[in-house]
Each structure stands twice: as structure tokens, then as C-alpha cells.
Amino acid sequence: MAVRWLCSLFGKPFDGGKRMDHGVPQQQQQHPMEQQHQPYHPQHPAMMRLYEVQKEVASLGPQVCTFSGMQNDRDYKRLERELTRLLLEVDQVDTEGKPELQGARKRAAQEVEGLLRYLEENATHPSRVAIEDLSNKARQLVDERVVEPQRSGGVTEINDELVDALQEIVLRLTQVKTEGRVPLRKARYRALTRLCAVQDVLEGRTQQQTLSLPLSGETHEAVNRINQVMVKVSVARSQLVALLMGLSGRDSCAHLSRILTEMQVELDALDVSGNAAIRNYRKQVVEEINGLLKHLDLEGEGEDTRRYDLAQNNSIREIEAVRAHVSHLREGVLRHSMMGDLNFRPKAELQSLLIHLDAVDTAKNPCIREARRRAVVEVQAIITFLDLREALLCRQPGPSEHPSHRTVWLVLGSLSDLQAQVLGFDGKRADKSYMMLEELLTKQLLALDAVDPQGDDSTKMARKQAVKFAQNILNYLDMKTDEWEY
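Residues numbered from 1 in each chain as written. Predicted model: local features only at pLDDT ≥ 70, side-chain atom pairs only at ≥ 80, totals over all residues. Heavy atoms only, no water.

Brief notes about the packing of helix α12 (residues 347-358) against helix α13 (residues 366-394)
Item 1. Orientation of α12 relative to α13, taken along the N-to-C sense of each, is 160 degrees, at an axis distance of 10 Å. With respect to their mutual orientation, α12 and α13 come out roughly antiparallel. The handedness of the crossing between α12 and α13 comes out as left-handed. Of α13, the residues touching α12 (which contributes Lys 347, Leu 350, Gln 351, Leu 354, Leu 357 and Asp 358) are Arg 372, Ala 375, Val 376, Val 379, Gln 380, Ile 382, Ile 383, Leu 386 and Asp 387.
Item 2. Taken together, the residues that form the contact of α12 with α13 break down as nine nonpolar, two polar and four charged. (Axes fitted to C-alpha atoms, helices over the stretch in contact; angles between N-to-C directions. Helix = DSSP H or I, 4+ residues; strand = E, 2+ residues; numbered from the N terminus. Parallel < 35°, antiparallel > 145°, perpendicular 65-115°, else oblique. Left-handed = near helix turned anticlockwise from the far one by under 90°. Contact = heavy atoms within 4.5 Å. Nonpolar A, V, L, I, M, F, W, Y, C, P; charged D, E, K, R; others polar.)

Listed below in C-alpha cells is the structure:
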């Protein structure tokens, strides 16, 4: 199967589960095609042609297994065309009706057909389609709100509504399942890096919109030149966004990089006559240009597996180490809780883990940010469980306690027991235990909804907190079973 070519991505030679030389085997070597039937010499014309086909397949395999595009992409059509040609060539090999040669030809055809299937499966996979749909939504949004106004000579307005809409698309991209497939991981990573780069550029634009030019053009002749460069930078910013989102048919990253570099050279050549204010102004503009230049290296982004295969990322490894420790603490908490022993309270240790997670470098990668967020939720779930257990243990209701307030506490007691089950749950949404927990938690929410505070402020506050607590447990259960992956 074509999946075996994945080995070559990590520096392992592809051998198809058997030895296969890149050149024509020496006469003393026995090719696996001839292990059982020696009469056919490696120099046999049919075997020679099959060796040549295998060499071409070996060169195409890694390209197929890292192709992350769609069926209408140029590279897809090229790979499909090359593989189809090889398949036809294999079919045309004359086996002279000999079983040994027929078997060798069949195995070669299976390799090519496997690559063709793998290529098509990934290009048409529902997750790949979802990534493309989300990318198109982001592209349309940016085109309407950023690129088109600039092209028509208008003013591009970057507001919170646009920023929030792009962030929503980013979050939805992080939730696309890749099933561990390299092409899907690569496609998701490339879509995310470009969209996050656009977010970064737009955030810089938002800051500029709120700042007036620091100096008047009458202050110094150099200021007029800097102001003119600022106008060019504004245009370049929109061009960069268009490039990142695939909305620029004529421009290229190399061309825009040259333009920005020329702006830097122009600024460096300015005589600011030792004026500190003008020099600082020029420095700010240069820094903004540098901020745009750093996003122009995305042409080959995602080609390195270490970037999109986050299992190898140091931050992810750090987060996973914390999660393993959290899992150990959770087991201890549940074990002591079942025995009625509340002396095991590793809150200080859990708080230190939150501080540790907060210090993890996410490099603005949304997948790493989401992985960290989920780890934080896991820690907080244990802390809230311990807090509620302690509150229930220390509770001493007085004779004057409002009946509705007492009802809320009874529900909290049931929620505490359910949260213990949720913390220990390790199944899927299709499991009966999941559906039972979801139903029981929903019933507790309904019970809280039925509580009548009767004007008692403390009951209102307690019910509000209890509802939030129940919803957090439901959200945590949902998070544990959504099969998210980085």
C-alpha cells in the first residue's frame, strides 16, 4: 500500500517490506520477485522494465504522501498523470504468460494503484474538504473587507467584527480531524499559519488606525519622506494580506519583499540631522516593515514535517508531560475521594501546574494554544471538584436557612458525585455511560431551573453559581469526548 511510503518522510529508506535496490540488482542478488522461481534472471527484459517502473514509483511516493491539495491543483493532476502512465506501462509489460513475471507485474501494479488511491482519498477526504471550505470563507471575508476596498481606492476598515470572524474560522480549523494523515495535517497547518499571519497583520493595522502620525511634515523635510513611505506601507499591508489568502494573481512574495526592502533602504538613507524624535519615528516605520517582511517566508511553509506534525513540537511535549502528571493527580484525588479521605488535596501542586502551562510558548500557533487551553481545563476541573467537596464537608446549615437555598446545596451534592464520574470517564460519546452522565447532568440543570428563590438573594447567587458549575461539568465531559487532535 502507498501508506508505506510515509517511512521515507522520516529518513527511512522505502523497501516495500522487502529489499529493493535503486539500481539494477547485481546478478548475484536475488530479487524478491524471484525468490520462489529462480529461472528468471534480473536482466530479463520484463524484469528490467519493472525495476525501472519501481524506481519512478519510489520517486513519486513521497510526493504523493505529502501532497495536501485538492483534485483541481496542478500538482495533483501531474501526479495523477505520472502514476496513470506508470500503470499503463506496467500493464504493457510482456510476461510471456509466465506466473513468476505475472506475479511481479501484479505487485508493481498494486503499488501504483495504491498510490493513486491514497492521492485521491486525501484530496477528497471530508476533512480536506472542510479545510478548503473554511479557507474559502476566510478568503471571501478578507477579500470583501480588506483587499477589495484597497483596490477600489477606498479605505479598509479593520474592526472587532472582522477580527472575531477570523478568530472563529481559526478555531474551527483547529477542530478539523486529520486522523493522523500527513496530507491532512499539512493542509490544516498551512491554512492555519496563513490565517494567523493575516490576523497578525490586521492586528498591526488596528493599532495603526488608532495612532496619528507622531510628527508634522513641517517639522523636518525627512518627515514628509517618512510619511510617504507610511502610505506605501499601508498599500503593501493589503497586498500582503491578499498574497497570504491567495487573492493576488499577479503579485508574488518575492516582488513584495523587494518593495519593502527598497522602503527600508530609502528610510536608512534619510538624513535626520540628529533629531531624536524623527529618528524614533523612522525606527517605528522600519519596525512595521520588518513586521510585514517576516510573513513573506510562507511560500514553503508546511513542507517540513516538524512544523505540522506537532507531536514532535517541544511545547506540545511539555503540555503532554503536564497532562500526564495531572492524570496521576486526578487518579489520586478520585481514589481518596471514594474512601472518604479528603486529606489528599494537591491544590498547591495543581496551581503550580497552571503557572507552568501559562509559561508554555505557543508561538502563536492556534493548535498549541488549544492544546494548552484543554490542559488548563483539566487542571481546573480537579481544583473545582476539590473546592466543592471541601465546601460540602464544611457546610453547617442553620435553622434559619431558606428552603430553596437548601435545595440548591442538595443539587450541588449530586453534581459533586457526578463530577467524580466525569473526571474518571474515559470513553466515547456513543457509550451508554456517556449518555447516562449527560442525561443526569441535564436533570440537575432542570432541577436548578425549578428552584424558586422567593426573593432570597443568597439563593439567587447560589443557584447561579450551581448552574455555571453544572454547565462547566457538561462542557468538560464534551471536551473529553470530542476526539480533538493537534
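Some points on the layout of surface pockets
Item 1. Its volume calculated, the largest pocket comes out at about 1,000 Å³.
Item 2. Considering the residues around the largest pocket, the lining is formed by 34 residues, among which Ser 68, Asp 73, Arg 128, Arg 190 and Arg 194 are closest to the centre.
Item 3. Taken together, the elements giving at least two residues each to the lining of the largest pocket come down to α1 (45-66), α2 (74-91), α4 (126-151), α6 (182-209) and α7 (221-244).
Item 4. Here the residues of the lining of the largest pocket are counted per class, giving 13 nonpolar, nine polar and 12 charged. (1 Å grid on protein atoms, 1.4 Å probe; cavity = no way out; pocket = protein on both sides within 12 Å on 5 of 7 lines; lining within 4 Å. Points joined across faces, edges and corners; volume = space filled by probe spheres on them.)

Considering the nonpolar core
Within soluble globular proteins, side chains that are nonpolar tend to cluster in buried spots.
Item 1. With 100 residues, the main nonpolar core has Val 142 and Leu 415 as its most contacted residues.
Item 2. Residue contributions to this core peak at 12 residues, all from α7.
Item 3. The contact partners of Leu 415, leaving out residues within four places of it in the chain, are Leu 441, Gln 444, Leu 448, Ala 466, Phe 469, Ala 470 and Ile 473.
Item 4. With 27 residues, the next largest nonpolar core counts Phe 67, Leu 87, Leu 116 and Ala 123 among its residues. (Core = buried A, V, L, I, M, F, W, Y, C linked by side-chain atoms within 4.5 Å. Buried < 20%, exposed > 50% of the residue type's maximum accessible area, 1.4 Å probe, protein only.)

Some words on unusual backbone geometry
Item 1. Positive phi, normally seen in glycine, also occurs at Glu 96, with a value near 55 degrees.
Item 2. Judged by its relative accessible area of 45%, Glu 96 is partly exposed.
Item 3. A positive phi angle, close to 55 degrees, is found at Gln 454, a residue other than glycine.
Item 4. Inspection of the secondary structure assignment puts Gln 454 in the loop between α15 (432-449) and α16 (457-480).
Item 5. Of the residues examined, Gln 454 reaches a relative accessible area of 55% and is grouped as exposed.

A word on the environment of Val 129
Item 1. Within the secondary structure layout, Val 129 lies in helix α4.
Item 2. Beyond its immediate stretch of four places on either side in the chain, Val 129 contacts Met 70 and Thr 124.

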